[in-house]
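Structure at a glance
Okay, here's what each chain looks like letter by letter:
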Amino acid sequence: MGLLVDGQWQDTWYDTKSTGGRFQRTVTSFRRWVTPDGAPGPDGQDAVPAEAGRYHLYVSLACPWAHRTLILRKLKKLEGVISLSVVDWHMAEEGWVFSERQGAVPDSVNGARRLYEVYLKADPTYTGRVTVPVLWDKKEGTIVNNESAEILRMFNSSFDAFGDASVDVCPVDLKAEIDGVNGFVYDKVNNGVYKCGFATTQDAYEDAFHQLFGALDELEERLGRQRYLTGPRITEADWRLFTTLIRFDPVYVGHFKCNRKRIADYPNLFHYMLELYQWPGVAETVDFHHIKHHYYESHGTINPTGIVPLGPEQDLTQPHDRERLPAG
Ligand SMILES: N[C@@H](CCC(=O)N[C@@H](CS)C(=O)NCC(=O)O)C(=O)O
């Protein structure tokens, strides 16, 4: 685990001293956009045009943020359009690295051994964390964007000339509601589990813990009334919640001490998670070996022995009961 400072790699753990033991996620730095024709992005961002074969996605199968982009790439049938590299699950002194191990896919574009080399190609004096996902532009030889929320939006609407235009997980009429749900879920759940796990004071942990489970209680209640987070139609908001839910019982309950309840103890959240897991193509994007080994072996300050728990036993192919709620 480390970061780049003026282009130099430094092996350091997150600094929580200056924030009273609280984990704060840093702001992402590459924020250009891909649009269908290269016109500026939704907020006027500098953009490059969508083309088949031009872009490359770097992900980790362990990472919930990268996982969202992998799901959208799959749902939009962009696998032949946007090429892929998958880092090794073990993130150690050199950060994310490439390997030939099970599930990993080496860097066919830049031939990098470590992900930070890709960041340095884009900016030789880069200062900041070296995170996944990364969307790389092969034509300009640089990083377009490394913010998963934005990559999701680009995959949803910029590549329709090449992918499945009939899939739209962020329809205009639901966008305001999706953004609202995303804000809540991001702060309290997606990032909430990290705030629990990376807290270095009891107060910081307890705050995050109460907010996380308060939010899960609310989501449980909402999913008792409606099939998906924004109503009868599945949207981006659901896929963003899913990548945290699927990691919850195998990892966050134990490793991040998110243990008031398991997802399996929330009937609506659990069945909702099953439905999303069973959605065509999605199970193929879930790799529990990468997920479990990454967290338990990469965070030496949290789990110094590196022992990876064998449980829980879970059957994610069992029937779900979500057909009882209207969809469409
Ligand atoms: N805001 C980023 C966050 C991505 C992120 O934090 N990824 C983690 C993996 S789960 C990472 O690469 N961490 C490496 C580090 O912080 O050094 C996004 O959503 O794209």
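Residues numbered from 1 in each chain as written. Predicted model: local features only at pLDDT ≥ 70, side-chain atom pairs only at ≥ 80, totals over all residues.

Considerations on helix α6 (residues 202-225)
- With 24 residues, α6 should cover 34 Å at 1.5 Å per step; its first-to-last C-alpha distance of 35 Å lies within 8% of that length.
- Of the positions making up α6, those classed as buried are Y205, A208, F209, L212, L216, L219 and L223.
- The inward-facing, buried residues of α6 contact α4 (175-190), α5 (192-198) and α8 (267-277). (Helix = DSSP H or I, 4+ residues; strand = E, 2+ residues; numbered from the N terminus. Expected span 1.5 Å × (residues − 1). Buried ≥ 20, exposed ≤ 12 C-beta atoms within 10 Å, placed from the backbone. Contact = placed C-beta atoms within 7 Å.)

Remarks on the sheet that holds strand β1 (residues 3-5)
- Taken together, the three strands give an open sheet; going across it, the order is β2-β1-β7, and neighbouring strands pair in antiparallel fashion. Pairing within the sheet leaves two strands with one partner each, and these edge strands are β2 (8-10) and β7 (128-129).
- In terms of strand pairing, β1 meets β7 through two bridges, oriented antiparallel. Paired with L4 across the strands is G128, a residue of β7. (Pairing = 2+ DSSP bridges.)

With respect to the UniProt feature "domain: GST C-terminal" (unreviewed entry) in the protein
- Under the local residue numbering, the UniProt record ascribes the feature "domain: GST C-terminal" (unreviewed entry) to residues 171-298.
- Taken end to end, residues 171-298 is 67% helix and 0% strand, and its first and last C-alpha atoms sit 38 Å apart. (UniProt positions renumbered as here; feature names shortened; annotations may be inferred.)

As for helix α9 (residues 288-298)
- Of all the residues in α9, the buried ones are H290, I291, K292, H294 and Y295.
- The inward-facing, buried residues of α9 contact α7 (236-252).

Structural notes on the UniProt feature "binding site: glutathione" (unreviewed entry) in the protein
- Under the UniProt annotation, "binding site: glutathione" (unreviewed entry) lies at W96, R129, V130, T131, V132, E147 and S148.
- For W96, the location among the structural elements is in the loop between β6 (83-86) and α2 (115-122).
- Among residues more than four places away in sequence, those in contact with W96 are S60, V87, M91, R114, L115, V130 and V132.
- Along the chain, the position of R129 falls in strand β7.

Concerning the packing of α6 against α8
- Contact geometry for α6 and α8: axes closest at 8 Å, N-to-C directions at 70 degrees. Compared by their axis directions, α6 and α8 come out roughly perpendicular. Residues L216, L219, E220, L223 and G224 of α6 lie in contact with α8, whose contacting residues are N268, L269 and Y272.
- Taken together, the residues of the contact of α6 with α8 sort by class into five nonpolar, two polar and one charged. (Axes fitted to C-alpha atoms, helices over the stretch in contact; angles between N-to-C directions. Parallel < 35°, antiparallel > 145°, perpendicular 65-115°, else oblique. Nonpolar A, V, L, I, M, F, W, Y, C, P; charged D, E, K, R; others polar.)

Thoughts on the domain arrangement of the protein
- Looking at the protein, the domain boundaries give domain 1 (3-157) and domain 2 (172-280 + 315-324).
- Contacts between the two partners involve 14 residues from domain 1 and, on the opposite side, 16 residues from domain 2.
- Listed by contribution, the elements that provide at least two residues to the side of domain 1 that touches domain 2 are α1 (64-75) and α3 (148-157).
- A breakdown of the residues in the side of domain 1 that touches domain 2 according to their chemical character gives six nonpolar, five polar and three charged. (Domains from an automatic or database assignment.)

Thoughts on the pairing of strand β5 (residues 55-59)
- Taking burial as the measure, the five residues of β5 include five buried ones, the bulk of the element.
- Taking every second residue as pointing to the same face, both faces of β5 are buried, with Y55, L57 and V59 on one and H56 and Y58 on the other.
- Pairing analysis gives four bridges linking β5 to β6, with the strands arranged parallel. From the neighbouring strand, H56 faces β6, where its bridge partner is S83.
- A crossover connection joins β5 to the parallel β6 through α1; in handedness this β-α-β unit is right-handed. (Right-handed = clockwise from strand over helix to strand, strands pointing away.)

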